[in-house]
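Spelled out, the chains give:
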There are 2 protein chains.
Amino acid sequence: MANKWVYNFGDGSADGRGDMKELLGGKGANLAEMCSLGLPVPPGFTIPTEVCVAYYQNKKQHPKELTSQIQESLKKIEKKLKLEFGNPEKPLLVSVRSGARASMPGMMDTILNLGLNDKTAAGLAKMSNNERFAYDCYRRFIQMYSDVVLGVEHYHFEEILDLKKQDRGIELDTDLTAEDLKDLVKSYKAKVKEELGENFPEDVNEQLWKAINAVFDSWMNARAITYRKLHDIPESWGTAVNVQSMVFGNMNKESATGVAFTRDPSTGEKIFYGEYLVNAQGEDVVAGIRTPQHITIEAKKKNSSDSPAMEEVMPEIFGELVKVYKKLEKHYKDMQDIEFTVQSGKLWMLQTRSGKRTAPAAIKIAVDMVAEGLISKEEAIRRIDPMSLDQLLHPTLDPKAEKKVITKGLPASPGAASGIVVFSAEEAERRSVEKTILVRLETSPEDIHGMHAAVGILTARGGMTSHAAVVARGMGKPCVSGAGELRIDYKNKTFSASNITIKEGETITINGGSGEVMLGAVPTIEPKLSGDFATVMQWADEFRHLKIRANAETPLDARTARKFGAEGIGLCRTEHMFFDAERIVAVREMILAGEPETRKKAINKLLPMQRQDFAELFRIMAPFPVTIRLLDPPLHEFLPHTESEIAEVAKAANVDIATVKHRANELHETNPMLGHRGCRLGISFPEIYEMQAEAIFLAAAEVSRELHDGVIPEIMIPLVMNEKELQILRELIVGAARRVEKKTGTKLQYLIGTMIELPRACLRAGDIAKHAEFFSFGTNDLTQTTLGVSRDDAGSFLTPYINKGILEKDPFVAIDEEGVGELIQIAAERGRAAQPALKIGICGEHGGNPGSIKFCQKVGLDYVSCSPYRVPIARLAAAQAALESKAKKKKAA
Amino acid sequence: MANKWVYNFGDGSADGRGDMKELLGGKGANLAEMCSLGLPVPPGFTIPTEVCVAYYQNKKQHPKELTSQIQESLKKIEKKLKLEFGNPEKPLLVSVRSGARASMPGMMDTILNLGLNDKTAAGLAKMSNNERFAYDCYRRFIQMYSDVVLGVEHYHFEEILDLKKQDRGIELDTDLTAEDLKDLVKSYKAKVKEELGENFPEDVNEQLWKAINAVFDSWMNARAITYRKLHDIPESWGTAVNVQSMVFGNMNKESATGVAFTRDPSTGEKIFYGEYLVNAQGEDVVAGIRTPQHITIEAKKKNSSDSPAMEEVMPEIFGELVKVYKKLEKHYKDMQDIEFTVQSGKLWMLQTRSGKRTAPAAIKIAVDMVAEGLISKEEAIRRIDPMSLDQLLHPTLDPKAEKKVITKGLPASPGAASGIVVFSAEEAERRSVEKTILVRLETSPEDIHGMHAAVGILTARGGMTSHAAVVARGMGKPCVSGAGELRIDYKNKTFSASNITIKEGETITINGGSGEVMLGAVPTIEPKLSGDFATVMQWADEFRHLKIRANAETPLDARTARKFGAEGIGLCRTEHMFFDAERIVAVREMILAGEPETRKKAINKLLPMQRQDFAELFRIMAPFPVTIRLLDPPLHEFLPHTESEIAEVAKAANVDIATVKHRANELHETNPMLGHRGCRLGISFPEIYEMQAEAIFLAAAEVSRELHDGVIPEIMIPLVMNEKELQILRELIVGAARRVEKKTGTKLQYLIGTMIELPRACLRAGDIAKHAEFFSFGTNDLTQTTLGVSRDDAGSFLTPYINKGILEKDPFVAIDEEGVGELIQIAAERGRAAQPALKIGICGEHGGNPGSIKFCQKVGLDYVSCSPYRVPIARLAAAQAALESKAKKKKAA
């Protein structure tokens, strides 16, 4: 049997099916499927992607059977429609469209009205009894074909059209008469001849073949190549070509065209929702020259529209359309986005596909469809994009509001906020009754109180995982980071961008979901969580295997995390507790101390406060676990910077200013990320970790007594690179536990584990696991070290890297599976081989990224921990990951 | 057959052999071997390490057959010597000494003269006819035994002795009479009773057993445990115990004791070299109370000594000794360090072992012994410690000179130098007619001209691989880095340490081999390279597989490297060429440029200079390859810091000062090591790499024409993390080559490769290798990222880590084989799997470290590249590595 190079469809039957997208492309498969459902689809045929692949493999030669197969298909269409391709008496016109496996909107070319020449145009005029219509089709065809196939650019024709309109003193294309259009056709053809030295082709078969080749060629145009790179679509897939008979919504008053959604795409409400125009083409609905009318009477009333609804004007066609949309939704089991055309009183379906929708709509539709018995809970979970939940949890800009964007940075933490500009954490705190936006070159841990006080944060430097971004996400506060164009002048308290200078006290708005920075106050909309949201979360919890924890250290964060369904704290960064005004002095005294004894005295001032911190967290989170990371950042982060602060510290610590400066100088580090931090501090200054461990155990004993139930803290040692470090610090912690047990008479239960955040720790995980009850991957730092990229400095090259396709994704947002991922896998394997009961999770920023959560499921981790506002996203993503893994296993079995 | 728990030796025969060190320990094995050679060794027996192991396994119980076997052995000794243990008429005295498999000098305990009590002491006096001798032995025994076995500390006896000497009005122990000594014995025994409430044991068997157990117990004393940890000696080895009959060099005038070397240990000259004392004990030779006399007449004359040589005083014994030493050297095929005692005219050999020697001696002895047919060339190569060659290449402190050490830092670059203190690179250059020591908190690339001008560098911060250390080693200049106690006051141009303040212009001396910083000028000795050195190097070259290259960028460094035998340049750091006064302005203009075109204009000013740089290197190194790394450090390293420099740059670049500051601010990085550097610069600013590639190719074309031979540059892209980076930059370089080929009409040959210095690059080596002709491991940066340790900041915790045994070795000196090493192995395997012809080397600091070179041989690399002064070390180490690998293969076959 000869190869099948052409797939016919139309008139209630089709060669293809909806599940043949690989071969027929998305559009072709859906057309075939609609035909099989018995829906009225203008007949046509699809040239499958295989032909495109062969075309490129064989130096743009087609398979030899293709010509005859296309001829046969054309004949079938001619027979069905009683029209003939190229016959002036009853001309058949076709559209030629690309249709790839994955949607590539606007990337490739489309030609309509193919089959027109001087003779058939006259025939069409006669047949439709509408000369203006026929020549309008003709001049559009010449322009489109010349542009796409012949390479005569658009603007040539636009110029001629503009001249014509000037000439005639009219403004709208629709005011052109049939005669005008005939003139235009002549001028257009003359232009083509002038440009190419050849006549515009009159031969309809030549038109068809050249159009098909042009579609194949468009697969390799620059736009398409870039788009594929960005969306990871292999070049080898190729595109299909759809050749379909034309139907016309603009033929007469009994014709119309429209688009509709089977449910409301912005609320999810179960109402048929759409717009149409009488005597118009598809483009007109979108172009906005005429105002489209509502399809249903209900919608018309709701929107107080005067124009009649389709339900009134064409009641029969409307009835037919309702049957069609119901059939389609039931068949596809999803909300559909459909396109239709009515030609002289007959309904034709041109397209159906799953409709795009807002996050609230996605949730409502999924829950409703489960209730309607249309889809299963699993399917409902699969349907909702976890990242879209972000919209539900944060205020968003009112889409109707006007906005003046002055610059753009990275969308570092979602949500929108307006406030007056302040340039220091102190000022933010002082003016905290007003709403403030804290604007900084970059933030550091000592700005945290200001970040708490502000409603939003804007920084000039730093990437998606800079300090500002991470902390803001943790707080659920909008943040735009790395707005590189900002020029901040701290001295004069101004910043400028796009030649506009903003002074302290002036109002701006930031959109942390898009990175935009806007002048003045732009209205925002507050989020509301529906009952459907709770339903979806509950279903997600039924399916997922991964536990979801939150990264939190303040009572507020911990409560938010619980509210969003966190099953514990996966990362409590104790250093965030060191910056309080009353604490920082003791911390600084400790740093300035020369002797262990003085150091111990200073650090022990913090013990009662830390104990209280931990006790409160235990109370909020019980019975869930709380993982506390001992002090991690290098000590110089706590040192004062300004002269006045230095003087204050010198006084408090009873040393001279020179000593403070000398110590600061001594502690200065070239690369603090790789410096004297993490467990290295615990080894150098055991007093600090001893104090923290004691505070944790005292708090655990206290809360255990209150609750009549054991609180089981998980103590985490950061930045371990070999087993000896962990061994030494484990002994220190066990010692602290024994002392507290003796003191309080309470038997303590606790786990000791480590953050795995260095490549060496991954490789030596087998040794390290011998001394650990749990591992938690610190994927932020592991990414920094594995890739050699500082997240604070990455802004200058990471974004260009992603734009140029050197990196697929920001590795601080989505785990770099090929690099960091391999290390995680190695560590998990070696760790579990040495210690089968090892509990393993991740607590980097990646813990809230759906793709990375899928990876965690694949590698077999026990939990992910993310910022509180990411918990719902993580719950849903974990459910999807579990369902996907189940499906894969089933497939493999 | 019962287990053998005791190995006898003495009188020309022995149960053991020299190769039984694991069982008998080093001392026991050598004693057995000497006996088997028929040498006169006082008879005795060795209790093997197995007994020690059993002792600890069985709660300090001995195997039951041990008692009877020791009794038998004692009987044998008694029979041979016609003496009896504990018999007052003819008392046998023994020594009890530890003897582990590896030498642990001073770590464990020794007891001499065991077998003495009140009765046998009297007997010994009678037998030796020397009462003073007998009671001197007795009081020494009581003191030693009480200290080691009974735990009565040394100082108790010292006090009694001092009182006695005061009493008697004498100063030297030797002035004590027999009566005095008898008194002392009484007082000592009274003291023991007072301390313990028990009498000193009179039972000689009790003495013996307790002494044996004390030796076993000393295996687990704190000193020994620490020593083992530091030297990687397993606890499980245990120690042997040697019980040997005493011989006395202090019995009378016909007795003597001495130590000797079979060749001169400081020059290697083939002369018998040693010292002796008549009527003395071994201790006396070492203690320096009496001046030891020369053994040979020749040595006596050479040193113009008045005291008679042994050759004169005891000609027969001397003759016997000469026969013995020749036999020993011939047998062991190595220079021996021997100990002997003459008792009443009879020679006894107490010890022989391979003698320690200086580096020049090691070389001379090895070469001479090959000439004498005693050893093979392979063996000669194996014998020389590569690191010892460092002494030969650099000036060293005159060991006789007095020195006042004011502080100590890290021995960052070997050699000693004196000079006046300066605090800036500029000052060093200005005063370059004087010898200067550049003192800085730390150095940076812009200090290089000052480092060139100075004779030595001293820094307060930074580790063994800080900028100062790396650059100084490259220059072969002494450097002490990380002298943490230094307080440098740039403003007043002083530094202080140990309460001493040094002003600019005052003289200090630094010893880069020890880390010492000394007041004033301490005399130094210049190095001389012998012909034997060249011979050894030539032999090394015959055996080694690894090629040795040098890291060099200046013509001086390149010439030094060639002189030392480098086979090419493995790393030319082009950024070092950017700091010249006339270049830095163009570099800064380039950095300040906003547009690619302006940037290109500025950067192209550097092209002719870079071209000249490369041409000169090609000329010096031809026909060897030169690997040139394109620009690596972040641009801010080139920016000005002081206000006046900033003003200068602003003027030159024709921009305002604010712009310069803003740009500096923009370029500031929190962690420059992980920042916008390496190939990331090449991607962001392709103009820079284009200029460098063109300069390289123009130079290659020029020198190829001159030499009528192709120069094949190897262009190296730094800090690659994925294949796309390399792909893009490879295309850019190939483009530059094509342009130069067209311009010059020369067909160019070149290689393009990459530095592998990120964990991710190791993991993705298979992809990356597809675009590379060579890999060069940048082990400095790979260590930094794999361990998460900044070498600039490591000083504060790395040294304590090593001291506490958390890290075995400084990972910047010796490759961390378990972490970094696994990544190197993965990368080499994956790289070669993808590209079998891949050339692989390393160019980090580890390239000059013998242990790391062994690792490179094991992993199968093609070359190592190190600083020029390390090339000889690397050549020798590579030869040893090749021999070791050959031996291993032979063993496995």
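Rules used in this analysis
- Residues numbered from 1 in each chain as written.
- Chains lettered and ligands numbered in written order.
- Predicted model: local features only at pLDDT ≥ 70, side-chain atom pairs only at ≥ 80, totals over all residues.
- Heavy atoms only, no water.
- Helix = DSSP H or I, 4+ residues; strand = E, 2+ residues; numbered from the N terminus.
- Buried < 20%, exposed > 50% of the residue type's maximum accessible area, 1.4 Å probe, protein only.
- Contact = heavy atoms within 4.5 Å.
- Areas by Shrake-Rupley, 256 points an atom, 1.4 Å probe, with all protein chains shown as cover.
- Lys, Arg positive; Asp, Glu negative; His and termini not counted.
- Charge placed at Lys NZ, Arg CZ, Asp CG, Glu CD.
- Expected span 1.5 Å × (residues − 1).
- Salt bridge = Lys/Arg side-chain N within 4 Å of Asp/Glu carboxyl O.
- Polar contact = N/O pair within 3.5 Å; in protein donor to acceptor, adjacent residues only side chain to side chain.
- Nonpolar A, V, L, I, M, F, W, Y, C, P; charged D, E, K, R; others polar.
- Pairing = 2+ DSSP bridges.
- Least-squares fit on C-alpha atoms with pLDDT ≥ 70 in both.
- Core = buried A, V, L, I, M, F, W, Y, C linked by side-chain atoms within 4.5 Å.
- Axes fitted to C-alpha atoms, helices over the stretch in contact; angles between N-to-C directions.
- Parallel < 35°, antiparallel > 145°, perpendicular 65-115°, else oblique.
- Phe/Tyr/Trp six-rings, centres within 6.5 Å; stacked < 30°, edge-to-face > 60°.
- Lys NZ or Arg CZ within 6 Å of the ring centre and 35° of its normal.
- pLDDT = per-residue confidence, 0-100.

A. Quick peek at the overall build of chain A. Looking only at helices and strands, one finds 36 helices and 32 strands in chain A. Here chain A holds 893 residues, and the buried ones make up 59% of them. Residue pairs at least 24 apart in sequence account for 67% of intrachain contacts in chain A once pairs closer than 6 positions are excluded. Here chain A has roughly 36,500 Å² of accessible surface; of this, 50% comes from carbon and sulfur atoms. Between the averaged position of the 115 positive side-chain charges in chain A and that of its 122 negative side-chain charges there is a distance of 4 Å.

B. Seen up close, helix α13 (residues 315-332) of chain B. Residue and element names in this part refer to chain B. With 18 residues, α13 ought to run about 26 Å at 1.5 Å a step, and its terminal C-alpha atoms sit 26 Å apart, in line with that. Considered for burial, the residues of α13 that qualify are Ile317, Phe318, Leu321, Val322, Val324, Tyr325, Leu328 and Glu329. Lining the buried residues of α13 we find α1 (21-36), α12 (310-313), β10 (336-343), β11 (346-354) and α14 (359-371). Phi turns positive, to about 55°, at Lys333, one or two residues after α13.

C. How the structure looks around the interface of chain B and chain A. Taken together, the contact pairs 53 residues of chain B with 52 residues of chain A. Across the contact surface, chain B and chain A share eight salt bridges. Linking Glu822 of chain A and Arg830 of chain B is a salt bridge whose minimum nitrogen-to-oxygen distance equals 2.6 Å. Applying the counting rule to chain B against chain A returns 36 residue pairs in polar contact (both at pLDDT 80 or more). By residue class, the composition of the side of chain B that touches chain A is 18 nonpolar, 17 polar and 18 charged.

D. Looking closely at the pairing of strand β22 (residues 507-511) of chain B. All names here are of chain B. Where burial is concerned, most of β22 is hidden: four out of the five residues are buried. With five bridges connecting them, strand β15 (residues 416-422) and β22 associate as antiparallel partners. Pairing of Ser418 across the sheet is with Thr509, part of β22. Both β22 and strand β23 (residues 516-519) contribute to a ladder of four bridges, which runs antiparallel. Looking at β23, one finds that Thr509 is bridged to Met518. Linkage of β22 to β23, two consecutive antiparallel strands, is achieved through a turn of four residues, within which Gly515 is found at a positive phi near 90°.

E. The relation of the copies chain B and chain A, seen in detail. Overlay of chain B on chain A (RMSD 0.2 Å): rotation 179°, translation along the axis 0.0 Å. One copy is carried onto the other by what is essentially a two-fold rotation axis.

F. Main features of the nonpolar core. Formed by 278 residues in total, the largest nonpolar core has its most connected members in Phe618 and Phe777 of chain A together with Phe618 and Phe777 of chain B. Residue contacts for Phe618 of chain A: discarding those within four places in its chain leaves Val626, Ile628, Ile696, Ala699, Ala700, Val703, Val711 and Pro713 of chain A.

G. Fine view of helix α29 (residues 723-744) of chain A. With 22 residues, α29 of chain A extends 31 Å between its outermost C-alpha atoms, agreeing within 8% with the 32 Å of an ideal straight helix rising 1.5 Å per residue. Within α29 of chain A, the full set of buried residues consists of Glu725, Leu726, Leu729, Leu732, Ile733, Val734, Gly735, Ala736, Ala737 and Val740 of chain A. The elements touched by buried residues of α29 of chain A are α27 (679-684), α28 (686-707), β28 (713-717), β29 (751-756) and α31 (765-769) of chain A together with α33 (795-803) of chain B. Sitting at the amino-terminal end of α29 of chain A is Asn722 of chain A, which places a side-chain oxygen 3.0 Å from the backbone nitrogen of Lys724 of chain A.

H. Summary view of the pattern of salt bridges. All names here are of chain A. A full pass over the atoms with the stated rule returns 137 salt bridges over all chains. Of the charged contacts in the structure, one is a salt bridge between Lys189 and Asp118, with a shortest N-O distance of 2.6 Å. A residue pair is termed long-range when its members are at least 10 positions apart, and Lys189 in helix α7 (residues 178-196) and Asp118 in helix α4 (residues 118-128) qualify at 71 residues.

I. Inspection of the sheet that holds strand β20 (residues 494-497) of chain A at higher detail. Residue and element names in this part refer to chain A. Across the sheet, three strands lie side by side as β19-β20-β21; this open sheet has antiparallel pairing. Edge positions in the sheet fall to β19 (487-489) and β21 (500-503), since each of these pairs with one other strand and no more. Strand-to-strand twist of the sheet, defined as the mean angle between neighbouring strand axes without regard to direction, takes the value 20°. By the bridge criterion, four bridges tie β20 to β21 in an arrangement that is antiparallel. Note on β21: the bridge partner recorded for Ser496 is Thr501.

J. Just the sheet that holds β22 of chain B, in detail. Residue and element names in this part refer to chain B. Across the sheet, which stays open at both edges, the eight strands sit in the order β13-β23-β22-β15-β16-β17-β18-β14 with mixed pairing between neighbours. With one partner strand each, in any of the chains shown, β13 (405-408) and β14 (410-413) form the two edges of the open sheet. Within this sheet the neighbouring strands show an average axis-to-axis angle of 30°, counted without direction. Judged from the three bridges that link them, β13 and β23 form a sheet pairing that is antiparallel. Across the sheet, the residue bridging to Val405 is Met518, located in β23.

K. Just the pairing of strand β1 (residues 7-10) of chain B, in detail. All names here are of chain B. Of the two faces of β1, the one lined by Tyr7 and Phe9 and the one lined by Asn8 and Gly10 are each fully buried. Pairing of β1 with strand β3 (residues 44-47), which is carried by three bridges, proceeds in the antiparallel orientation. Bridge pairing links Asn8 to Phe45 in β3. Sheet analysis places β1 next to strand β2 (residues 13-14), joined by two bridges and oriented antiparallel. Bridge pairing in β2 places Gly10 opposite Ser13.

L. Local environment of the packing of helix α5 (residues 131-150) of chain A against helix α6 (residues 154-168) of chain A. All names here are of chain A. Look at α5 against α6: their axes get within 8 Å of each other, and the N-to-C directions meet at 150°. Here α6 runs roughly antiparallel to α5, going by the angle between their axes. Note on element contacts: α6 touches α5 through His154, Phe157, Glu158 and Leu161, opposite Arg139, Gln143, Ser146 and Asp147. Each residue belonging to the contact of α5 with α6 can be placed in one class, and the counts come to two nonpolar, three polar and three charged.

M. Quick peek at unusual backbone geometry. The linkage connecting Ala622 of chain A with the following residue, Pro623 of chain A, adopts the cis geometry, with an omega of 5°. In this model, Ser498 of chain A sits at a positive phi of 50°, which is unusual for a non-glycine residue. Tracing the backbone shows Ser498 of chain A in the loop between β20 and β21. Residue classification places Ser498 of chain A among the partly exposed residues on the basis of a relative accessible area of 43%. Residues other than glycine seldom take positive phi values, yet Ser304 of chain B does so here, at roughly 45°. Topologically, Ser304 of chain B is positioned in the loop between α11 (297-302) and α12. Assessed through its relative accessible area of 63%, Ser304 of chain B is described here as exposed.

N. Quick peek at the packing of aromatic side chains. Residues and elements named next belong to chain A. Under the definition given, this model contains 32 aromatic pairs over all chains. For the pair Phe141 and Tyr145, a centre-to-centre distance of 5.5 Å together with 50° between the ring planes defines the contact as tilted. Here Phe141 and its partner Tyr145 are both found in helix α5, four residues apart, which amounts to about one turn of the helix. An angle of 65° between the planes, with centres 4.9 Å apart, marks the rings of Phe157 and Tyr188 as edge-to-face. Of this pair, Phe157 sits in helix α6 while Tyr188 sits in helix α7; the two residues are 31 residues apart in sequence, bridging distant segments of the chain. Residue classification places Tyr188 among the buried residues on the basis of a relative accessible area of 0%. A connected cluster of aromatic rings, assembled from ring pairs, spans Tyr55, Tyr56 and Phe216. Against the face of Tyr7 rests Lys4, its NZ or CZ located 4.8 Å from the ring centre. The side chain of Lys346 reaches across the aromatic face of Trp348, ending 4.4 Å from its centre.

O. Structural view of the side chain of Thr779 of chain A. Residues and elements named next belong to chain A. Position of Thr779 relative to the elements: it lies in helix α32 (residues 779-787). When its relative accessible area of 0% is taken as the criterion, Thr779 is described as buried. Among all residues touching Thr779, those that are not within four sequence positions of it are Ile815, Ile824, Ile842, Gly844, Glu845 and His846.

P. Highlighting the confidence of the model for chain A. Across chain A, pLDDT averages 91, with 98% of residues at or above 70. The ipTM for the predicted assembly is 0.83, set against a pTM of 0.83.

Q. Inspection of the packing of helix α22 (residues 581-592) of chain A against helix α25 (residues 643-653) of chain A at higher detail. Residue and element names in this part refer to chain A. It is at 9 Å that the axes of α22 and α25 come closest, and there the two elements cross at 75°. Judged by the angle between their axes, α22 and α25 are roughly perpendicular. In contact with Val585, Arg588, Glu589 and Leu592 of α22, α25 contributes Glu645, Val649, Ala652 and Ala653. When its residues are assigned to classes, the contact of α22 with α25 shows five nonpolar, no polar and three charged.

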